[in-house]
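Take a look at the letters that make up each chain.
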Amino acid sequence: MFWDGYVAIVYGVLYLCFVAYPIAFQQERGWSPGIGGLSFVGIGVGVLIAIACEPLFRKVINLHRKDTETGMVQPEAMVSIVFFGATLLAIGQLWFSWTCTPNIHWIVPILAGVPFGVGNACVFIYASNYIARSYGIYAASALAGNMFTRSVMGAFLPLAGPSMYDVLGLNWASTILGIVEAVCILIPAVFYFYGHRIRKASPFIKEVEKLQATA
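Model, not experiment: these values are computed from the prediction.

Asks: Could you clarify how one ought to interpret the overall build of the protein chain in this entry?
Replies: Each helix and strand in the protein chain was counted, giving 10 helices and 0 strands. For the protein chain, the α and β elements follow one another from N to C terminus as α-α-α-α-α-α-α-α-α-α. Counting only C-alpha atoms and orienting by the principal axes, one finds that the protein chain spans roughly 65 × 30 × 25 Å. Of all intrachain contacts in the protein chain linking residues separated by at least 6 positions in sequence, the fraction that spans at least 24 positions is 78%. For the protein chain, the accessible surface area stands at approximately 11,200 Å², while carbon and sulfur atoms represent 71% of it.

Asks: For this particular structure, what's the right way to read helix α1 (residues 2–27)?
Replies: Helical periodicity: at 3.6 residues per turn, an α-helix aligns residues three or four positions apart in one direction. The terminal C-alpha atoms of α1 lie 36 Å apart, and with 26 residues this matches the ideal 38 Å at 1.5 Å per residue to within 8%. The principal kink in α1, of about 30 degrees, is found at V19, preceding the proline P22 by one to four residues.

Asks: So what exactly am I meant to see when it comes to the environment of V60 here?
Replies: With respect to the helices, strands and loops of the structure, V60 is situated in helix α4 (residues 54–62). Taking the C-alpha atoms as reference, V60 lies 8.3 Å from S80; in sequence the two are 20 residues apart. Beyond its immediate sequence surroundings of up to four residues, V60 is in contact with S80 and I81.

Asks: Where do I start with helix α5 (residues 76–97) in this structure?
Replies: In a regular helix each residue adds 1.5 Å, so 22 residues correspond to 32 Å; α5 covers 32 Å between its end C-alpha atoms and thus fits that length. Most of α5 is tucked away, with 16 of its 22 residues classed as buried.

Asks: Please explain the side chain of Q93 as it appears in this structure.
Replies: Mapped onto the fold, Q93 is located in helix α5. Ignoring sequence-local partners within four residues, the contact set of Q93 consists of V13, F116, S174, L177, G178 and E181.

Asks: Explanation requested: the side chain of E181 in the structure shown.
Replies: Mapped onto the secondary structure, E181 falls in helix α8 (residues 161–183). Here E181 sits buried without a salt bridge, and the closest side chain of opposite charge, R150, lies 13 Å off (N-O distance). Contacts of E181, omitting those with residues within four sequence positions, involve V10, V13, L89, A90, Q93 and F116.

Asks: Which parts of the structure should I look at to understand the state of the cysteines?
Replies: By definition, a disulfide links two cysteine residues through a covalent bond between their sulfur atoms. Counting across every chain of the model gives 0 disulfides. Cysteine C53 remains unbridged, with the sulfur of C122 as its closest cysteine sulfur at 7.9 Å. Distance from the sulfur of C184, which forms no disulfide, to the nearest cysteine sulfur (C17) is 16 Å.

Asks: How do you make sense of the environment of P109 when you look at a structure like this?
Replies: Inspection of the secondary structure puts P109 in helix α6 (residues 107–135). Taking the C-alpha atoms as reference points, P109 and S97, separated by 12 residues in sequence, lie 8.1 Å from one another. With near-sequence residues (within four places) excluded, P109 lies in contact with Y21, F25, R29, F96, T99 and C100.

Asks: Teacher, can you tell me more about the environment of I125 here?
Replies: Within the secondary structure, I125 is located in helix α6. Taking the C-alpha atoms as reference, I125 lies 12 Å from F83; in sequence the two are 42 residues apart.

Asks: What exactly am I supposed to notice about the packing of α5 against helix α9 (residues 186–200) here?
Replies: A pair of packed helices is characterised by two quantities: the angle between their axes and the separation of those axes. At a minimum axis distance of 8 Å, the contact between α5 and α9 shows a crossing angle of 160 degrees. As far as their axial angle goes, α9 and α5 are roughly antiparallel. Where α5 crosses over α9, the two elements pack in a sense that is right-handed. Taking contact as the criterion, the partners of E76, V79, S80, V82, F83 and A86 in α5 are, on α9, P188, A189, F191, Y192, G195, H196 and R199. Considering only residue class, the contact of α5 with α9 consists of 8 nonpolar, 3 polar and 2 charged.

Asks: It is not clear to me how the pattern of salt bridges should be interpreted in this structure. Could you clarify?
Replies: Oppositely charged side chains can pair when the atoms bearing their charge come close. For the structure on display, the rule yields 2 salt bridges. Ionic pairing is found between E54 and R58, a salt bridge with its closest N-O pair at 3.3 Å. With a gap of 4 residues between them, E54 and R58 both fall in helix α4, about one helical turn apart. The residue R199 makes a salt bridge to E76 at a minimum N-O spacing of 2.8 Å. On the criterion of sequence distance, the pair formed by R199 in helix α9 and E76 in helix α5 is long-range, its members being 123 residues apart.

Calculation rules
- Residues numbered from 1 in each chain as written.
- Predicted model: local features only at pLDDT ≥ 70, side-chain atom pairs only at ≥ 80, totals over all residues.
- Heavy atoms only, no water.
- Helix = DSSP H or I, 4+ residues; strand = E, 2+ residues; numbered from the N terminus.
- Contact = heavy atoms within 4.5 Å.
- Areas by Shrake-Rupley, 256 points an atom, 1.4 Å probe, with all protein chains shown as cover.
- Expected span 1.5 Å × (residues − 1).
- Bend = angle between axes of the 7 residues up to and from the residue.
- Buried < 20%, exposed > 50% of the residue type's maximum accessible area, 1.4 Å probe, protein only.
- Lys, Arg positive; Asp, Glu negative; His and termini not counted.
- Salt bridge = Lys/Arg side-chain N within 4 Å of Asp/Glu carboxyl O.
- Disulfide = S-S within 2.5 Å.
- Axes fitted to C-alpha atoms, helices over the stretch in contact; angles between N-to-C directions.
- Parallel < 35°, antiparallel > 145°, perpendicular 65-115°, else oblique.
- Left-handed = near helix turned anticlockwise from the far one by under 90°.
- Nonpolar A, V, L, I, M, F, W, Y, C, P; charged D, E, K, R; others polar.

Given below as structure tokens:
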């Protein structure tokens, strides 16, 4: 439930960028729609950086203690990258929130998209890996539930975007989203340190482990 909720929030905020960026660059700065679309380059570059760093992330994951029975690292090793991504996500969002106005050079808010893009990629990829590793043979069902939750948030949250940015303004609306993402860093932090205990206390995951052992 926590992971579904967290990934849904991250996904919803990402889709709110399709509301915030046109306001920041087309309405506030007077850019044309074609040029305004280039403002998303920062996020795209961030995603590409995260993908390029996968071998490095894999090394970090493999540094964690391995299970003596399976020889594989615990699922919580994946959460270390999620925690890293969640931190960059909040930094990028707060960076954008106070540099998106016309009195600041346009490159500054676009550069905020780089850590934001890295953070999004890390959260989506490695949170999915963590869920899959935790639920074993039921990974497809767990991931389907996660996808449904985030899709609902991605579909409906942006509908409130225009009103939110109109009432609060770009700075404060984006700041509130950044604060929410900063608070949500607690979720990967808690699961990184206590996820193994949470999994051991889950009757469903115990059942999954028994089925895998007898398979």
